[in-house]
Amino acid sequence: MQHYPVNLVLAGRRTVIIGGGAVAARKCESLLATGSRITVVAPCLDPALEKLCRENRIVHESRPYRYGDLDGAFLVFAATGDAAVNRAVAEEAAARGILADIVDAPECSTFVTPATVRRGDLLITISTGGKSPALSARLRAELAERYGGEYGTALELLGAIREKLLTEKGNTAYNKELFNALLDRDLPLLLKSWSPSVLDHILTDIFGPGFTLEELGIRERETS
Ligand SMILES: C[C@@]1(CC(=O)O)c2cc3[nH]c(cc4nc(cc5[nH]c(cc(n2)[C@H]1CCC(=O)O)[C@@](C)(CC(=O)O)[C@@H]5CCC(=O)O)C(CC(=O)O)=C4CCC(=O)O)c(CCC(=O)O)c3CC(=O)O
Ligand SMILES: NC(=O)C1=CN([C@@H]2O[C@H](COP(=O)(O)OP(=O)(O)OC[C@H]3O[C@@H](n4cnc5c(N)ncnc54)[C@H](O)[C@@H]3O)[C@@H](O)[C@H]2O)C=CC1
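Just so it is clear, the structure is predicted and the values come from calculations on it, not from any experiment.

## What to know about the domain arrangement of the protein
- As assigned here, the protein comprises domain 1 (1-113), domain 2 (114-147) and domain 3 (149-223).
- Relative placement of domain 2 and domain 3: their C-alpha centres are 26 Å apart.
- Listed per partner, the contact involves six residues of domain 2 and five residues of domain 3.
- Interface area for domain 2 against domain 3, summed over the two sides, is near 460 Å², with a carbon-plus-sulfur share of 67%.
- A per-residue breakdown of the area domain 2 buries against domain 3 is headed by Arg 119, Leu 122 and Tyr 147, which together make up 69% of the total.
- At the junction of domain 2 and domain 3, the tally comes to zero salt bridges.
- Counting across the interface, domain 2 meets domain 3 through one residue pair in polar contact (both at pLDDT 80 or more).

## Some details on the site of ligand 1
- Around ligand 1 there are 19 residues in total, and Lys 27, Asp 101, Thr 128, Ser 136 and Arg 140 lie nearest to it.
- Side-chain polar atom of Arg 26 to an oxygen atom of ligand 1: 3.0 Å apart, as the coordinates give it.
- Within the contact set of ligand 1, an oxygen atom lies 2.5 Å away from a side-chain nitrogen or oxygen of Lys 27.
- Surface burial for ligand 1 is 63%, taken as the share of its 1,100 Å² of free accessible area covered by protein chains.
- Most atoms of ligand 1, that is more than half of them, are within 2 Å of grid points of the largest pocket.
- Here the shell around ligand 1 takes five residues from helix α4 (residues 133-146), the largest share from any one element.
- When grouped by side-chain class, the residues that make up the shell around ligand 1 number eight nonpolar, six polar and five charged.
- Three or more residues apiece are contributed to the shell around ligand 1 by two domains, here domain 1 (1-113) and domain 2 (114-147).

## Some words on the site of ligand 2
- Taken together, the neighbourhood of ligand 2 is formed by 20 residues, with Gly 20, Val 23, Arg 26, Cys 44 and Tyr 65 sitting nearest.
- Contact between ligand 2 and Gly 20: an oxygen atom at 3.0 Å from a main-chain N or O atom of the residue.
- Note that an oxygen atom of ligand 2 is positioned 3.1 Å from one of the backbone N or O atoms of Ala 22.
- Compared with its free state, where it exposes 860 Å², ligand 2 has 63% of that area covered by protein.
- Among the elements that take part in the shell around ligand 2, helix α1 (residues 22-32) stands out by supplying four residues, more than any other.
- Along the lines of polarity and charge, the residues of the shell around ligand 2 split into 12 nonpolar, five polar and three charged.

## As for the layout of surface pockets
- Considering only enclosed or pocket space, the largest pocket measures out at about 1,700 Å³ in volume.
- Every residue lining the largest pocket is counted, 45 residues in all, and those nearest its centre are Asp 101, Val 112, Thr 113, Pro 114 and Ala 115.
- Those elements giving two or more residues to the lining of the largest pocket turn out to be α1, β4 (75-78), β5 (99-102), β6 (115-119), β7 (122-126) and α4.
- Looking at which element gives the most residues to the lining of the largest pocket, the answer is α1, with six residues.
- Among the domains, domain 1 (1-113) and domain 2 (114-147) are the pair contributing at least three residues each to the lining of the largest pocket.

The rules behind these values
- Residues numbered from 1 in each chain as written.
- Chains lettered and ligands numbered in written order.
- Predicted model: local features only at pLDDT ≥ 70, side-chain atom pairs only at ≥ 80, totals over all residues.
- Heavy atoms only, no water.
- Domains from an automatic or database assignment.
- Contact = heavy atoms within 4.5 Å.
- Buried area = accessible area lost by both parts, 1.4 Å probe.
- Salt bridge = Lys/Arg side-chain N within 4 Å of Asp/Glu carboxyl O.
- Polar contact = N/O pair within 3.5 Å; in protein donor to acceptor, adjacent residues only side chain to side chain.
- Near = heavy atom within 4 Å.
- Areas by Shrake-Rupley, 256 points an atom, 1.4 Å probe, with all protein chains shown as cover.
- 1 Å grid on protein atoms, 1.4 Å probe; cavity = no way out; pocket = protein on both sides within 12 Å on 5 of 7 lines; lining within 4 Å.
- Sits in = over half its atoms within 2 Å of the grid points.
- Helix = DSSP H or I, 4+ residues; strand = E, 2+ residues; numbered from the N terminus.
- Nonpolar A, V, L, I, M, F, W, Y, C, P; charged D, E, K, R; others polar.
- Points joined across faces, edges and corners; volume = space filled by probe spheres on them.

See below:
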């Protein structure tokens with residue numbers, strides 16, 4: 001069975017994680033950046049989740065799961081070590097029409113979590129259709145080596161140029177040629193070596209005056 005990839009907008013929406021072990025902690029870590037309101041229901045918490053709880057970044061219900069815990073949830077993870085509890089969570093999620101990742105039972109899930117590499121707003125995801133999470137993790141490590149922080153800066157820069165062009169000119173067919181001209185110069189590599197005068201020369205050459213790094217609000221710290 002093939003999965004359909006989507007990128008969910010979770011800001012302000014409620015995610016409920018049933019279970020508070022190492023797997024729950026891993027899911028929680030990548031959820032935090034989305035601005036989702038996270039509740040963890042578990043009698044016991046992994047140290048990483050304890051810390052998040054102390055920092056008030058997640059809400060913890062310190063007890064076993066009970067029917068009704070998914071009330072108001074947009075997304076659910078069943079991550080206890082108890083298969084029967086995870087199945088019960090799957091049933092409640094199905095009854096309420098909530099997307100659910102049942103971490104020990106992909107066949108009962110309505111989504112699965114990919115491995116991810118994030119560089120600012122750049123998001124690279126890897127999935128194996130549940131066949132081999134170990135392969136997903138391996139590919140994630142390889143891609144993380146290949147695509148460093150300079151890709152996040154490149155995206156910041158491209159986004160800033162695009163916003164300025166669309167606001168000021170609005171001719172998208174022409175813009176495509178300009179963006180490709182910049183990408184042909186290996187923009188991420190140029191940003192990695194960070195020579196503002198070289199970059200400004202290339203940018204103004206392609207896009208005209210008003211497109212220097214400073215005018216676009218791009219600073220070096222974003223490369224790391
Ligand atoms: C279906 C899915 C559901 C879901 O969790 O969403 C699922 C299910 C299961 N995982 C199991 C085992 C492992 N999972 C990992 C690691 C990760 N698992 C992740 C996702 C997924 N795991 C979804 C499919 C993703 C895909 O399609 O590839 C990653 C990518 C993302 C994340 O979790 O954030 C994250 C890597 C993060 C990173 O490093 O980048 C490791 C490796 C490790 O721990 O180092 C192992 C041991 C090695 C192995 O088994 O491969 C087991 C057996 C449990 C048991 O034996 O008891 C099940 C249950 C089953 O398969 O039935
Ligand atoms: N999808 C994935 O990526 C992976 C999935 N797994 C599976 O995930 C499950 C959890 O793994 P770990 O986090 O390592 O386990 P763990 O044993 O570290 O944590 C289990 C957590 O569930 C809580 N819990 C137990 N009964 C509960 C209940 N009735 N209600 C609420 N919480 C309850 C415990 O307090 C604990 O916090 C296992 O079933 C394992 O087979 C394991 C590795 C990877």
